[in-house]
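Topology and contacts: notes
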Number of protein chains: 4
Amino acid sequence: MIRIGVIGYGYWGPNLVRNLAANRQFEVVAVCDPREDCRDKARRSNARLRVHADAQELIDSADIDAVVIATPIATHFELASRALRAGKHVLVEKPLCTSAEEGEELVALAARSRLVLLVDHVYVFHNAVRKLREFNDTGAIGKLSYYDSLRINLGLFQPDVNVLWDLAPHDFSIMNYILEEEPEYIEATGYCHVNPVLPDIVYVTAHYTSHMIAHLNLSWMSPVKVRRVAVGGSKQMVVWDDLNLEERLKIYDSGIEFRPEKDRLAIVPSYRIGDVHSPRVPNSEALADVIEEFANVICGKQQSSVIDGAAGLRVVRMLEAAQTALDRNLGEIAKKRDVRS
Amino acid sequence: MIRIGVIGYGYWGPNLVRNLAANRQFEVVAVCDPREDCRDKARRSNARLRVHADAQELIDSADIDAVVIATPIATHFELASRALRAGKHVLVEKPLCTSAEEGEELVALAARSRLVLLVDHVYVFHNAVRKLREFNDTGAIGKLSYYDSLRINLGLFQPDVNVLWDLAPHDFSIMNYILEEEPEYIEATGYCHVNPVLPDIVYVTAHYTSHMIAHLNLSWMSPVKVRRVAVGGSKQMVVWDDLNLEERLKIYDSGIEFRPEKDRLAIVPSYRIGDVHSPRVPNSEALADVIEEFANVICGKQQSSVIDGAAGLRVVRMLEAAQTALDRNLGEIAKKRDVRS
Amino acid sequence: MIRIGVIGYGYWGPNLVRNLAANRQFEVVAVCDPREDCRDKARRSNARLRVHADAQELIDSADIDAVVIATPIATHFELASRALRAGKHVLVEKPLCTSAEEGEELVALAARSRLVLLVDHVYVFHNAVRKLREFNDTGAIGKLSYYDSLRINLGLFQPDVNVLWDLAPHDFSIMNYILEEEPEYIEATGYCHVNPVLPDIVYVTAHYTSHMIAHLNLSWMSPVKVRRVAVGGSKQMVVWDDLNLEERLKIYDSGIEFRPEKDRLAIVPSYRIGDVHSPRVPNSEALADVIEEFANVICGKQQSSVIDGAAGLRVVRMLEAAQTALDRNLGEIAKKRDVRS
Amino acid sequence: MIRIGVIGYGYWGPNLVRNLAANRQFEVVAVCDPREDCRDKARRSNARLRVHADAQELIDSADIDAVVIATPIATHFELASRALRAGKHVLVEKPLCTSAEEGEELVALAARSRLVLLVDHVYVFHNAVRKLREFNDTGAIGKLSYYDSLRINLGLFQPDVNVLWDLAPHDFSIMNYILEEEPEYIEATGYCHVNPVLPDIVYVTAHYTSHMIAHLNLSWMSPVKVRRVAVGGSKQMVVWDDLNLEERLKIYDSGIEFRPEKDRLAIVPSYRIGDVHSPRVPNSEALADVIEEFANVICGKQQSSVIDGAAGLRVVRMLEAAQTALDRNLGEIAKKRDVRS
């Protein structure tokens, strides 16, 4: 049994504790949160949990082998470093940290200490993403031409993070997992409507040397929640609508039709050309698989993980690149307005 | 009766002839197309139509007061100038022409000749767009924060036009009509998958001094046809899904919720907060209204039009700005790749 | 060229004329309607059509080989008999007539005169129905267990027909075409809300010796239009939603799962078990195929037709059986109320 | 604190325990199930629960004030009587029991003992049903003309109950709650495909003296799960689609249009006539409210309940009437087949 503690018992903490409790390799020993009401909630839910107010206390506990860090992003680096230094294995919520520099240090620290460092890129364990990777690996999609993500909802406006750092880690980790290729060039633009320094709408475009183009439409300002990713290839196209529970994935037989000029006379006969196939995507909870992976790597059942520190670092590097482009664009817009006024 | 001729009898020509024939102010006298099979099609559909192979012949016909130009974009300027010089009123398919320079000349020419020049920005007459404008004018939406368009389908790949010039005129004309404000700054990026010099996926972002941000996701590479425009404001948000025939427009009562930090503990309770209202949007054909407008302006029943040459020129200026940004980005990507290889 | 006349130029007449005109084997010679405005409409649409007010005049015209009857149902028998007696081939709108007795006479009359008598069971030529039959013929569905139709909309309340005779002919003709088996037992119930003698909601259940059960939910009182037919078999189940233009047919791999008692402990894992496949269903107009069939049988290119008089008679027999059951049930309800009051 | 025990820990038991635990008025003391694996599951989920194999043991426990009965329907009467005789308040899963005779005895027994007897008609506490009742009470719908329910899915085939007794209690309890009127006449038909004595498809029609007609399409043989109830009135129509999480309820402004004969010439212009409104339906768990109601009635905070034994008995009477009609129809079909063979 791996004895584990959870740092942060806010929105996500209860899900972590529930899934850790259901896993036969873990025993949840303690929970920690600076907020009194969160500690109360933890106590009520499970009388046997030890509850701390101070993270260092939990980190220093001799009866704990591993920790999960589910706190605001700005604290990830500090808490993860301290835990690794205290000899604990670490699973961090996404994104790993706030800069590539921090990420490199964490990866190095884990390597030196021979401890496990994983990042909770939960979508990498989602059955739809597994299918997408399988379609790509077997060549069913053909040569990839685009990845197009619409990830919008009415936001929980957070004081310490913008919509890019909140939502893009999902797409970046999915893209890296499916493609095993990093973009050569990232552009981003957007706008701040609610909080004057935190963009709430961001558009990211990533260009790949393989000529794929990826686009992310990220927003906290949409009345409708959409989670739609379209992946196009030379043979097939796939649309993953995560909120369509009965048909999450749809595969379109038809690809691009090259029509000779003369056919343009004809009215387009219908909205699509071939059959549509919707394979079964089981509804299992991806978080349970992340936790199983964490246990397996700690116990040596697995030598490596697709969500290791290095994977987390790659996502942070892409976030940094997108943030740099976003700052440049927002700066230019502001400058124009200043000049004019 | 205004006697009218239609230049170009390809995909759109038959719709124009049918709608002109149904209008009591027009008499369709002649049709012209250089392609033998198109001329045959015109003859079969209506035995009384005069059919020309040469556009100049039609333009020079003394029995014609007005022409509609439904030919490839590259020919719009030449044909429209000749028709105006021959004293004919002109309705051009969108976009008006291929450059602002050409557009200015056409507007000036029409003004000098006291002839009517309209552009078939057909969506400006769409009942959903009329409702959107009404919502904005009455203040129902509040201060606009974004315009987000997803306009994708499996393309009719055209040899002379890219996806920007094919699809963006719809959004640009709608945006100009609703907002009566032009963007101060336009960005664009994209990629060429099928034809190496014509982008088939383009993303456009437009920034407004009023702090609205507009985004267009334009693609000819999608197996599913989507025509979805979301407009967000400080009071309400509207989603227009043009392929949902029963509920084209949905208005969401709820806007952005400002939640205090402590509420972030709670699980997000549902995907949206308020009621949804779907007003009736009659299914009338917008093209019939464009044609009625053309007649009314020619006859002096209307002094001005929302789709006049100046409106067409504004759209062309936006297309030029987007194309410039797109060229710059595609150039930079190409340069990076050259340097590396 | 078969010279043809159309009797009745109301709602459906223009569609008939347009499709007959597009068919190379027919020449539309004349149209007839007692209503002045309908005759005007016919004249405006096609200057070359001869227009009659009196049906007998059209039937007696020597230059006509065949007629289409698109008049109120009560007149079908009289007009069809007269046309057959005058030596014309006849295509009647569905249903063929108002009683089995009439239907038998028409079939006999056509046989005696060696003339063609077809009924416009247009759905038999619909691509989705053709696929359904193919699935059944090849055994892909397995042994059929049910046919369930939801056919509801806001009705055009007609003074001379109830919702059973208006909508059930569609399902009855589809069922007969797919199954080649007639039900052994038909039940029906319903209610009259708007017109006190014409039911506007009717439920029909048909039992087959093959143990299939068919159910029809027919209504003119629904604010939403639904055209949904589900067909279940021992191997697969098919849902045909005729208003879902992109995915009209969906085939569900999974059938009934026989779960042992102990599995009932587990939470039902998801709403369906297998993959979903949506084959392409071309959007062609079925009426064009009905008209082509009429021409082919007249010209002897086809010896028989799936929409011949006998097929029309089978549908009328089922309508009669359902009407009898409906009358019995409505009578019993009325009797109960009388007794009580 | 009301000390409570749960009899039956199969599919529904864990939901009951979770909701009872979350309610401040209850303390869950014990659970009982004859199946070893179910008892294990109960022990693992909560170490403090006392677990019995024998129901009588639990019923006889002096430290228990109330019981919930979540066992197969055939055992409801026996267990509920014993619990009432032992002086316990009782909440029974739906339906209350297997016959009106049993139901009357239970109601009488509870009354004599001054104990609370409720039935878990959970939909009566569903927010969509509450809104439907509100619309009816305020007259917003107008005079009701129909209640039409499509309640189909791939069934958990149960050895002791048919689809009527499994699914109809939902509709019957909803209908009784909204209307406060019982049908005067119930018809039912159906078929047994899987288990030769238990119908898996059943159609029920209920006629009301107020001239409303109710129809239930119940099936365990559908690959797609549907939970759709349409309620029509003289002013508005409401469609409740319980699986459309974002827009569960839709209200259609338009009612029936009485069109004069001449308008039948025109093509039906669109699928619906007026606006559609979708009021917010909060996603709260109805079971929590049932349990709160149980506590409130026990404690005397409420004098009566909409889900009391009498309400449960009314539903059982309707089930009996439908079963009688179903048996008669299935008998007649079998007789026809016998005669013929």
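Since this is a predicted model, take the numbers as computed values, not measurements.

**Overview of the overall build of chain A**
Scanning chain A from N- to C-terminus turns up 9 helices and 14 strands. A compact globule built from 341 residues would reach a C-alpha radius of gyration of about 20 Å, and chain A, at 22 Å, matches this within 12%. If one aligns the C-alpha atoms of chain A with their principal axes, the spans along those axes are about 75 × 55 × 40 Å. For chain A, the residues scored as buried account for 50% of the 341 residues in total. Long-range pairs, those at least 24 residues apart, make up 68% of the contacts in chain A between residues at least 6 apart in sequence.

**So, the domain arrangement of chain A**
Residues and elements named next belong to chain A. Here chain A is partitioned into domain 1 (2–122 + 287–308) and domain 2 (124–283 + 319–329). The C-alpha centroid of domain 2 is placed 30 Å from the C-alpha centroid of domain 1. Listed per partner, the contact involves 13 residues of domain 1 and 10 residues of domain 2. Along the lines of polarity and charge, the residues of the side of domain 1 that touches domain 2 split into 9 nonpolar, 2 polar and 2 charged.

**Observations regarding helix α5 (residues 100–113) of chain B**
All names here are of chain B. Compared with the 20 Å implied by 1.5 Å per residue over 14 residues, the 20 Å span of α5 between its first and last C-alpha is a close match. For α5, every residue scored as buried is listed here: G103, L106 and A110. The buried residues of α5 occupy an angular sector of 65° when projected down its axis, which confines them to one face. Opposite the buried face of α5, by more than 90 degrees, sit the exposed residues E101, A108 and R112. Phi turns positive, to about 55°, at R114, one or two residues after α5.

**Examining the packing of helix α1 (residues 13–22) of chain B against helix α8 (residues 286–298) of chain B**
All names here are of chain B. Relative orientation of the contacting elements α1 and α8 amounts to 60°, with a least axis distance of 9 Å. Taken together, α1 and α8 sit at an angle that is classed as oblique. Regarding α1 and α8, the two cross each other, and that crossing is right-handed. Contact residues: N15, N19, L20 and A22 in α1; L287, A288 and I291 in α8. Here the contact of α1 with α8 is composed, by residue class, of 5 nonpolar, 2 polar and no charged.

**Description of the sheet that holds strand β1 (residues 2–7) of chain B**
Residues and elements named next belong to chain B. Strand order in this open sheet of 6 strands is β3-β2-β1-β4-β5-β6, and the pairing throughout is parallel. In this open sheet, the two edge strands, each paired with only one partner strand, are β3 (50–52) and β6 (117–120). Between one strand axis and the next, the sheet turns through 25° on average, direction left out of account. Bridge count for strand β4 (residues 66–69) against strand β5 (residues 89–93) is 4 bridges, and the pairing is parallel.

**Considering unusual backbone geometry**
Residue P95 of chain A is reached from K94 of chain A by a cis peptide bond, and omega for that bond is -5°. Locating P95 of chain A in the fold gives a position in the loop between β5 (89–93) and α5 (100–113). One non-glycine residue, H211 of chain B, adopts positive backbone phi at about 75°. Following the sequence through the fold, H211 of chain B ends up in the loop between β9 (201–207) and β10 (213–219). Overall, H211 of chain B belongs to the partly exposed group, with 15 C-beta atoms counted inside 10 Å. The phi torsion at R114 of chain D lies on the positive side, around 50°, for a residue other than glycine. The topology assignment puts R114 of chain D in the loop between α5 (100–113) and β6 (117–120).

**A look at the sheet that holds strand β3 (residues 50–52) of chain C**
All names here are of chain C. In spatial order, the strands read β3-β2-β1-β4-β5-β6; together these 6 strands make up an open sheet with parallel pairing. One side of each edge strand has no neighbouring strand; the edge strands of this open sheet are β3 and β6 (117–120). Direction aside, the axes of adjacent strands within the sheet are offset by 25° on average. In terms of strand pairing, strand β1 (residues 2–7) meets strand β2 (residues 26–32) through 6 bridges, oriented parallel. Residue G5 lies in a different strand from β2, and its bridge partner there is A30. Along the sheet face, helix α1 (residues 13–22) touches β1, β2 and β4 (66–69) and points at about 155° away from the line of β2.

**Observations regarding the pairing of strand β11 (residues 221–233) of chain A**
Residues and elements named next belong to chain A. As paired elements, strand β7 (residues 144–154) and β11 share 9 bridges and run antiparallel to each other. Counted as the bridge partner of L154 is M221 from β11. In this structure, β11 lies alongside strand β12 (residues 237–241), joined through 5 bridges in antiparallel fashion. Of the residues in β12, the one forming a bridge with R228 is D241.

**Things to note about helix α1 (residues 13–22) of chain A**
Along α1 of chain A, the residues that are buried comprise G13, P14, L16, V17, N19 and L20 of chain A. Residues of α1 of chain A that are buried make contact with β1 (2–7), β2 (26–32), α2 (36–45), β4 (66–69) and α8 (286–298) of chain A.

**With respect to the pairing of strand β9 (residues 201–207) of chain C**
Residues and elements named next belong to chain C. A large share of β9 lies buried, amounting to 7 of its 7 residues. What you see with β9 is no split at all: I201, Y203, T205 and H207 on one side and V202, V204 and A206 on the other are buried throughout. Relative to β9, strand β8 (residues 185–191) runs antiparallel, the two being bridged by 7 bridges. Looking at β9, one finds that G190 is bridged to V202. Turn length for the β9-strand β10 (residues 213–219) hairpin, with the two strands adjacent in sequence and antiparallel, is 5 residues, and the turn residue H211 shows positive phi of about 75°.

**Concerning the environment of L164 of chain A**
Tracing the backbone shows L164 of chain A in helix α7 (residues 163–179). Spatially, the C-alpha atom of L164 of chain A lies 8.0 Å from that of D200 of chain A, the residues being 36 residues apart in sequence.

**Let's talk about the arrangement of the chains**
Between chain B and chain C there is no contact, and the shortest C-alpha to C-alpha separation is 9 Å. A gap remains between chain A and chain D, which never touch, and the nearest two C-alpha atoms on either side lie 8 Å apart.

**Structural notes on the confidence of the model for chain A**
Residues and elements named next belong to chain A. With 92% of its residues at a pLDDT of 70 or more, chain A has an overall mean of 90. In the model, residues 257–272 has pLDDT below 50 throughout and makes 26 contacts with residues more than four positions away in sequence or in other chains. Under the prediction, the complex receives an ipTM of 0.90, its pTM being 0.89.

**Observations concerning the environment of I307 of chain C**
All names here are of chain C. Considering the arrangement of structural elements, one finds I307 in the loop between α8 (286–298) and α9 (309–340). Assessed through the 26 C-beta atoms surrounding it within 10 Å, I307 is described here as buried. Spatially, the C-alpha atom of I307 lies 5.6 Å from that of L118, the residues being 189 residues apart in sequence. Ignoring sequence-local partners within four residues, the contact set of I307 consists of L118, V119, H121, V124, V290 and E293.

Quick notes on the rules
Residues numbered from 1 in each chain as written. Chains lettered and ligands numbered in written order. Predicted model: local features only at pLDDT ≥ 70, side-chain atom pairs only at ≥ 80, totals over all residues. Helix = DSSP H or I, 4+ residues; strand = E, 2+ residues; numbered from the N terminus. Rg over C-alpha atoms; globule rule 2.2 N^0.38 Å. Buried ≥ 20, exposed ≤ 12 C-beta atoms within 10 Å, placed from the backbone. Contact = placed C-beta atoms within 7 Å. Domains from an automatic or database assignment. Nonpolar A, V, L, I, M, F, W, Y, C, P; charged D, E, K, R; others polar. Expected span 1.5 Å × (residues − 1). Arc of directions from axis to C-beta. Axes fitted to C-alpha atoms, helices over the stretch in contact; angles between N-to-C directions. Parallel < 35°, antiparallel > 145°, perpendicular 65-115°, else oblique. Left-handed = near helix turned anticlockwise from the far one by under 90°. Pairing = 2+ DSSP bridges. pLDDT = per-residue confidence, 0-100.

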